[in-house]
Amino acid sequence: MKNTNEMEIRFDSVSVNEGFARVAVAAFLTQLNPTVEEVSDVKTAVSEAVTNAIIHGYENQVHTVRIKCIINMEEKSMELAVSDDGAGIADVAKAMEPMFTTKPELERSGMGFAFMEAFMDELSVESEEGKGTTVKMKKLIGKGRKLWTTQSL
């Protein structure tokens, strides 16, 4: 029996699809029986990654954003990758610094990568100028969750 389950979605890089991406990934995650907090963490990270692709990768032009998710049933984890074929990032390390933004005129907070890192268990960013960016994240489900029994009361 296969211990993984995969899905991939593609959608236009328009801001209304950010909500679609959040819900689609959250729905896929439910097979691991996550807590509300775990679902919220993943939705927030997906939102930040998709928003970065739309605003920074494609600079609000309509192209394609891709999300690929892999559920590992044995490990109780989800790996996901959010990719674009947009502008790319010149200095990934600098872009990942809290409060750094290339669009201060849009009142961007510069906290996207910091939020992704805080809410997910693993984060990596691969990017090449003029070719696009892939943000890879992993979330372990049930990590540190205390299971209640009648003996723990």
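Figured I'd write up the structure that's included with this text. (Residues numbered from 1 in each chain as written. Predicted model: local features only at pLDDT ≥ 70, side-chain atom pairs only at ≥ 80, totals over all residues. Heavy atoms only, no water.)

**Focus on the overall build of the protein chain**
Then comes step 1: Along the protein chain, the regular secondary structure elements total four helices and five strands.
Then comes step 2: Listing every helix and strand of the protein chain by position from the N terminus yields β-α-α-β-β-α-α-β-β.
Then comes step 3: Across the 153 residues in the protein chain, those meeting the buried criterion constitute 42%.
Then comes step 4: A fraction of 65% describes how many contacts in the protein chain between residues 6 or more apart in sequence connect residues 24 or more apart.
Then comes step 5: Total accessible area on the protein chain is roughly 8800 Å²; 50% of this is exposed by carbon and sulfur atoms. (Helix = DSSP H or I, 4+ residues; strand = E, 2+ residues; numbered from the N terminus. Buried < 20%, exposed > 50% of the residue type's maximum accessible area, 1.4 Å probe, protein only. Contact = heavy atoms within 4.5 Å. Areas by Shrake-Rupley, 256 points an atom, 1.4 Å probe, with all protein chains shown as cover.)

**Considering the pattern of salt bridges**
Two side chains of opposite charge can pair, provided their charged atoms sit close to one another.
Then comes step 1: Scanning the model with the defined rule gives seven salt bridges in all.
Then comes step 2: Across the pair Arg 66 and Asp 85 runs a salt bridge, and its minimum N-O distance is 3.1 Å. On the criterion of sequence distance, the pair formed by Arg 66 in strand 2 (residues 64-72) and Asp 85 in the loop between strand 3 (77-84) and helix 3 (92-95) is long-range, its members being 19 residues apart.
Then comes step 3: For Arg 66, a relative accessible area of 17% puts it in the buried group.
Then comes step 4: Exposure remark for Asp 85: the relative accessible area of 46% places this residue in the partly exposed category. (Salt bridge = Lys/Arg side-chain N within 4 Å of Asp/Glu carboxyl O.)

**Description of helix 1 (residues 17-29)**
Then comes step 1: The terminal C-alpha atoms of helix 1, which comprises 13 residues, lie 18 Å apart, in line with the 18 Å expected from a rise of 1.5 Å per residue.
Then comes step 2: Within the sequence span of helix 1, burial applies to Asn 17, Glu 18, Ala 21, Ala 24, Val 25, Ala 26, Phe 28 and Leu 29. (Expected span 1.5 Å × (residues − 1).)

**As for the pairing of strand 4 (residues 122-128)**
Then comes step 1: Here strand 4 pairs with strand 5 (residues 132-140) via seven bridges, running antiparallel. Residue pairing in the sheet places Ser 127 in a bridge with Thr 133 of strand 5.
Then comes step 2: Where strand 4 folds back on strand 5, the antiparallel hairpin that results is connected by three residues, among which Gly 130 adopts a positive phi of roughly 80 degrees. (Pairing = 2+ DSSP bridges.)

**Describing the pairing of strand 2**
Then comes step 1: Here strand 1 (residues 4-12) pairs with strand 2 via nine bridges, running antiparallel. Paired with Glu 6 across the two strands is Ile 70, which belongs to strand 2.
Then comes step 2: The pairing of strand 2 with strand 3 spans seven bridges and is antiparallel. Note on strand 3: the bridge partner recorded for Ile 70 is Glu 79.
Then comes step 3: What sits between strand 2 and strand 3 in their antiparallel hairpin is a turn of four residues, with Lys 76 showing a positive phi close to 55 degrees.

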